[in-house]
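Now for the letters of each chain:
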Amino acid sequence: MPWKLLHRSLALGLGLLVVVLALTGWVLALEPLRSHATQFAQTTANSPGPALSLPALAQQVQQTIPGVEALRRQPAGTLVVYAFDGEQAQAWRIHPASAQVLGPYQPSLLPRWVKNLHRQLLLGDAGRWLAASAAAALLVLSLSGWALLLRRMGGWRRLYGPVPGSALQRLHVQWGRWGVPLLVISSAAALVLAAATQGWLETEPTLKAAEPLSTVQGTPLPPQALSALHAYRVQDLEVLRFPSADDAAQSWEIHTQQGHGWIDRYSGKLLTWEATGPSQWLYRWARWLHTGEASWLWALVLAGASMATVLLSYTGLRLWWSARQTRKLAATPALTAHNSPAAQADTLIFVASEGGSTWGFAQALHQALVAQGLKVHSAALEHFQHHAATQRIVILAATYGAGQAPHHARHVLRQLAQQRPAAPPSIPMAILGFGDRHYPQFCGFAQALAQCFTTQGWPQLLPWEGIHQQSPQAFARWGRSLGHALGLEPTLALDYCPPLPATQPFTLVQRQDYPGADAPPAVVLHLQASPAGAALPAFQGGDLLGIVPPGQRLPRYYSLASSQADGSAQICVRLLPGGYCSTFLHGLQTGQTLQAFVRPNPGFALPPGNSPVLLIGAGTGIAPLVGLIRAHPARPMHLFAGARHPGQDLFFAHELHAWLASGQLSSLHTAFSRGSPGRYVQDLLRQDSARIATWLAQGAQVRVCGSQAMAQAVEAVLQDILARQGQSLHELKEAQRYAQDVF
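A brief structural summary. (Residues numbered from 1 in each chain as written. Predicted model: local features only at pLDDT ≥ 70, side-chain atom pairs only at ≥ 80, totals over all residues. Heavy atoms only, no water.)

### Digging into the overall build of the protein
The criterion, for reference: The way it works is that DSSP assigns letters per residue, a run of H or I at least four long becomes a helix, a run of E at least two long becomes a strand, and they are numbered from the N terminus. In this setup the radius of gyration rests on C-alpha atoms only. A globule is expected at 2.2 Å times the number of residues raised to 0.38. Classification of residues uses two cut-offs on accessible area relative to the type maximum, computed with a 1.4 Å probe and protein chains only: under 20% is buried, over 50% is exposed, and between them is partly exposed. Contacts are assigned to residue pairs with any non-hydrogen atoms lying within 4.5 Å of each other. Only the protein chains shown count as cover for residues, and the accessible areas themselves come from Shrake-Rupley with a 1.4 Å probe.
Looking only at helices and strands, one finds 18 helices and 24 strands in the protein. Scaling as 2.2 N^0.38, a compact globule of 743 residues should have a C-alpha radius of gyration of about 27 Å, whereas the protein reaches 35 Å, well beyond that. Taken along the three principal axes of its C-alpha coordinates, the protein extends 110 × 70 × 55 Å. In the protein, buried positions account for 50% of the 743 residues. When contacts within the protein are restricted to residue pairs at least 6 apart in sequence, those whose partners lie at least 24 apart make up 70%. In the structure as shown, the protein presents an accessible area of about 33,900 Å², 57% of it carried by carbon and sulfur atoms.

Written out as structure tokens, the structure is:
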């Protein structure tokens, strides 16, 4: 089912109407809170005591309030007596334990037009139909949003796991995860109420006969002498109507949650009774679920759901607009500069993009190749084909959710399998994937494409490669490799950077230099928001600080070794020969400023709990692990750290030993490659395999940060340890207990 198209169409078509209902629903959800608060305050302020039985309560009311006509229990539990003093109608609140009059009852002062706006949009019957349509739209929006959410997160098991993506995407998903189920309940209940309003659902007792007449005459019995009345509880009462003293034929009429009937005023016996039917129960539950009038807690939840609707509408609109700007390239490839006809192009670029952002990278590649004198044609991947003039094919493919293809390319693999070439093709191919390493199947769709083309015998222009979180640096490196493979001079320069969040100034307040011996120097920088006194953005250890050097537009990301609560943003930077950003940072002096932004890294964060944590890092990769130790002072933390020299580049050594002494760090294991003997961090893991096996059996979380080579060596050792327990590293990743941040 085209869930995305359905979701987007409804949101854009009826979104404003849904927002109006959400805002008015939020106002109306406050009314039960006010009613419950008033009831609690008035009953506790007066003499407490055991609640009276319904007959005793009715008799006390009859004796103290002249002209009483009815006793009604409001959904919030408020007891209200309606009476007439001559021709003057009166309403009084009474205490449930004593029937004491608490004061006059004032109906809600909530403006009636808010209710009318919510229920009928101030348009009468036509407005009721519109409001019902909006409720139906909200129900379908919620269900389709839930389907998209499951697809994005990779199924039920990962639904409430870390959320990758931009800040706007994460906010949309996080609010949707808890808000959508509530919206399904509320909108479904609203449709039941709408059906009742239109008369399609029976909500009143169906007794057709007139009020039954008593067969006994004499002196009316007091309420406590009515035997039938003793069968009902005050907490089940809806309305108790008193018989008129002027009409000897009238009986007591009672409405409870269980049904409706009449009681003989002379004999005290039940004259007739009708139990609440299924349609009436459905209506009552729908009203309770939609209004929250019987529970202040549920009313509070509904108020939150209303605000979630507004926020989801806002973030959804922002995401749609952002995707629309980049999707224009996919919808109209001719907009790409110098898009040669496919049959005449020597280079074909095919793109698979879920939200449209991959087309930005494709456009940068297209323009760079055209600048080198090539004839290039770009198209969506579902239009895959080649011609006599084709000399090379490049595919840029994003992965969605747990290894899935973008929606528009969902049938591509099946089509490729059906169109297997008769003879092995001779056109070389390069595949570049875009994904997130925090998902178990990193760039799963791109990998599946590479496997399919390899099986069919397509030669490789480059081995397939995956880019983590749309890294501009990784894209530029891949471009240099592609240029070298094509023999292009000068090197193919791909400096595309996806749209960045707004930056803010940070001031360097402290630096710790590590000169190094046989390695480039490193520095730990302590940064605070500028100007002085400005608030740091929200972040936690392991998140990324994107730094934009002066005169540049490509950010460089550094793992944060601190959280917002620590009062500064701390990063560890190794000087890279020729590295523009690292050179800039190493030259930064105390008091100077830079422009940066925070990029959350939710897949690296630790989930709640007290299970052990196995931290493995080397070099500057120790920085985010330090951030995790800072953020979880009471959790068992075991750090395996690698460096070159013990006295020169074990970063944060002072803090680590202090935490070890205080117990904040459970154990510290260090390996120095230039020591005697030289050891690496994977050697430590192999040496302590027994303890590591124990921690893993206890449900340990594993976090790895450092170079790609180090991470691969660590994975090999952990795989060996797990294999002895009958487990695998893949299972650890599937359970979201293993995450890495490599460079």
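Moving on from the model shown.
### A closer look at the pairing of strand β5 (residues 237-241)
Definition in use: For two strands to pair, DSSP has to find at least two bridges joining them.
In this sheet, β5 lies alongside strand β1 (residues 68-73) in antiparallel orientation, the contact comprising three bridges. Residue pairing in the sheet places R72 in a bridge with V239 of β5. Note that β5 and strand β6 (residues 252-256) share four bridges and pair antiparallel. Along β6, the bridge assignment pairs V239 with H255.

### Considerations on a nonpolar patch on the surface
Using the following cut-off: In this scheme, patches are assembled from residues that exceed 30% relative accessible area and form no salt bridge. Like charges are connected within 9 Å, while nonpolar side chains (Val, Leu, Ile, Met, Phe, Trp, Tyr) are connected within 5 Å. Salt bridge, as used here, is a side-chain nitrogen of Lys or Arg placed within 4 Å of a carboxyl oxygen of Asp or Glu.
A surface patch of nonpolar side chains, about 310 Å² in accessible area, is lined by L23, W26, L30 and M307. A per-element tally of the nonpolar patch places helix α1 (residues 3-45) first, with three residues. The topology assignment puts L23 in helix α1. Exposure remark for L23: the relative accessible area of 40% places this residue in the partly exposed category.

### Concerning the pattern of salt bridges
Summed over all chains, the structure comprises ten salt bridges. Here R691 makes a salt bridge to D688, at a shortest N to O gap of 3.4 Å.

### Notes on the environment of A294
With respect to the secondary-structure elements, A294 resides in the loop between α6 (278-291) and α7 (296-331). Separated by 153 residues in sequence, A294 and L141 place their C-alpha atoms 27 Å apart. Once residues lying within four places of it in the same chain are set aside, the contact partners of A294 are H36, P75 and W288.

### Details of the side chain of Q664
Worth spelling out the cut-off: As used in this structure description, the phrase polar contact means that two N or O atoms lie within 3.5 Å; if the pair is within protein, one of them must be able to donate a hydrogen and the other to accept it, and residues adjacent in sequence are counted only when both atoms belong to side chains.
In this structure, Q664 sits in the loop between α14 (653-662) and β22 (667-672). The exposure class of Q664 is buried, given its relative accessible area of 16%. Polar contacts involving the side chain of Q664 include one to the main-chain carbonyl oxygen of I629, which spans 3.1 Å. Look past the residues within four positions of Q664 in its chain and what remains in contact with it is I629, R630, P633, R635, M637 and W659.

### Description of the nonpolar core
Applicable threshold: As used in this record, nonpolar core signifies buried Ala, Val, Leu, Ile, Met, Phe, Trp, Tyr and Cys residues forming a set joined through side-chain atoms within 4.5 Å.
Core analysis: the biggest nonpolar cluster contains 30 residues, and L365, L369, F475 and W478 have the highest contact counts within it. Looking at this core, the elements with two or more residues in it are β9 (347-352), α8 (357-371), β10 (376-380), β11 (392-398), β12 (429-435) and α11 (472-486). With seven residues, α8 is the single largest residue contributor to this core. Once residues within four sequence positions are removed from consideration, F475 is found in contact with F361, A364, L365, L432, F434, I467, L494 and Y496. Ranked by size, the runner-up nonpolar core spans 29 residues in total, among them L615, L625, M637 and F652.

### Concerning the packing of aromatic side chains
Inclusion rule: Put simply, two rings from Phe, Tyr or Trp (the six-membered ring, in Trp's case) pair if the centres are within 6.5 Å, and we call them stacked under 30 degrees between planes, edge-to-face over 60, tilted for the rest.
One pass over the full model with this rule turns up 18 aromatic pairs. For the ring pair Y232 and W273, a centre distance of 5.3 Å and an interplane angle of 25° mean the geometry is stacked. Of this pair, Y232 sits in the loop between α5 (167-197) and β5 while W273 sits in strand β8 (residues 270-275), placing them 41 residues apart in sequence. For Y232, a relative accessible area of 14% translates into the label buried. On the numbers, 5.9 Å between centres and 70° between planes, the contact of F384 with W458 is edge-to-face. Of this pair, F384 sits in the loop between β10 and β11 while W458 is found in the loop between α10 (444-455) and β13 (465-468), placing the two residues 74 residues apart along the sequence. Of the two residues examined, F384 and W458, each falls in the buried class. The structure contains a cluster of three or more aromatic residues connected by ring pairs, namely F361, F434, F475, W478 and Y496.

### Things to note about the pairing of strand β2 (residues 79-85)
Bridging between β1 and β2 involves five bridges; their strand directions are antiparallel. Residue R72 lies in a different strand from β2, and its bridge partner there is V80. Connecting β1 to the antiparallel partner β2 that follows it, the hairpin turn spans five residues, and G77 within it adopts a positive phi of roughly 100°. Alignment of β2 against strand β3 (residues 88-94), held across seven bridges, turns out to be antiparallel. By the bridge assignment, D85 is partnered in β3 with Q88.

### As for the state of the cysteines
Applicable threshold: The rule for a disulfide is simple: a pair of cysteine sulfur atoms within 2.5 Å.
Per the stated rule, a full pass over the model turns up zero disulfides. The thiol of C581 is not disulfide-bonded; the next cysteine sulfur, from C497, is found 12 Å away. For C581, a relative accessible area of 9% translates into the label buried.

### Points about unusual backbone geometry
Here the bond from S530 into P531 is cis, since omega is -5°, no more than 30 degrees from zero. With respect to the helices and strands, P531 occurs in the loop between β15 (522-529) and β16 (544-548). The residue A99 is not glycine, and still its phi comes out positive at about 65°. Topologically, A99 is positioned in the loop between β3 and β4 (101-104). The phi dihedral of C443 falls on the positive side, at around 50°, and the residue is not glycine. Mapped onto the fold, C443 is located in the loop between β12 and α10. Under the relative-accessibility criterion, C443 is labelled buried at 1%.

### Observations concerning helix α13 (residues 622-631)
An α-helical turn contains 3.6 residues, so any two residues separated by three or four positions project in the same direction. Counting buried positions over the ten residues of α13 gives nine, a clear majority of the element. Among all positions in α13, only I622, A623, P624, L625, V626, G627, L628, I629 and R630 are buried. Here the buried face of α13 lies against β17 (556-559), β18 (569-574), β20 (613-618), β21 (637-643), α14 and β23 (701-706).

### What about the sheet that holds β10?
Backbone hydrogen bonds hold the strands of a sheet together, and the pairing may be parallel or antiparallel. Applied cut-off: Helix axes are fitted only over the stretch in contact, all axes being lines through C-alpha atoms; the angle between N-to-C directions runs from 0 to 180 degrees.
The strand order β10-β9-β11-β12-β13 describes an open sheet built from five strands, whose pairing is parallel. Since the sheet does not close on itself, it has two edges, and those belong to β10 and β13, each with one partner. On average, adjacent strands in this sheet sit at an angle of 20° to one another, irrespective of strand direction. Pairing of β11 with β12, which is carried by six bridges, proceeds in the parallel orientation. Along β12, the bridge assignment pairs A398 with F434. Docked against the sheet, α8 engages β9, β10, β11 and β12, running at close to 170° with respect to β9. Sheet contacts for α11: β11, β12 and β13; angle to β12, the most-contacted strand, approximately 180°.

### Digging into the sheet that holds strand β7 (residues 259-263)
In spatial order, the strands read β4-β3-β2-β1-β5-β6-β7-β8; together these eight strands make up an open sheet with antiparallel pairing. Looking at which strands have only one partner, the edges of the open sheet turn out to be β4 and β8. Sheet twist, expressed as the average angle between the axes of neighbouring strands with direction ignored, equals 15°. Relative to β7, β6 is paired through four bridges, and the arrangement is antiparallel. Along β7, the bridge assignment pairs I254 with G261. Where helix α2 (residues 54-64) meets the sheet, its contacts fall on β1, β2, β3, β5 and β6, and the angle it forms with β1 comes to roughly 140°.

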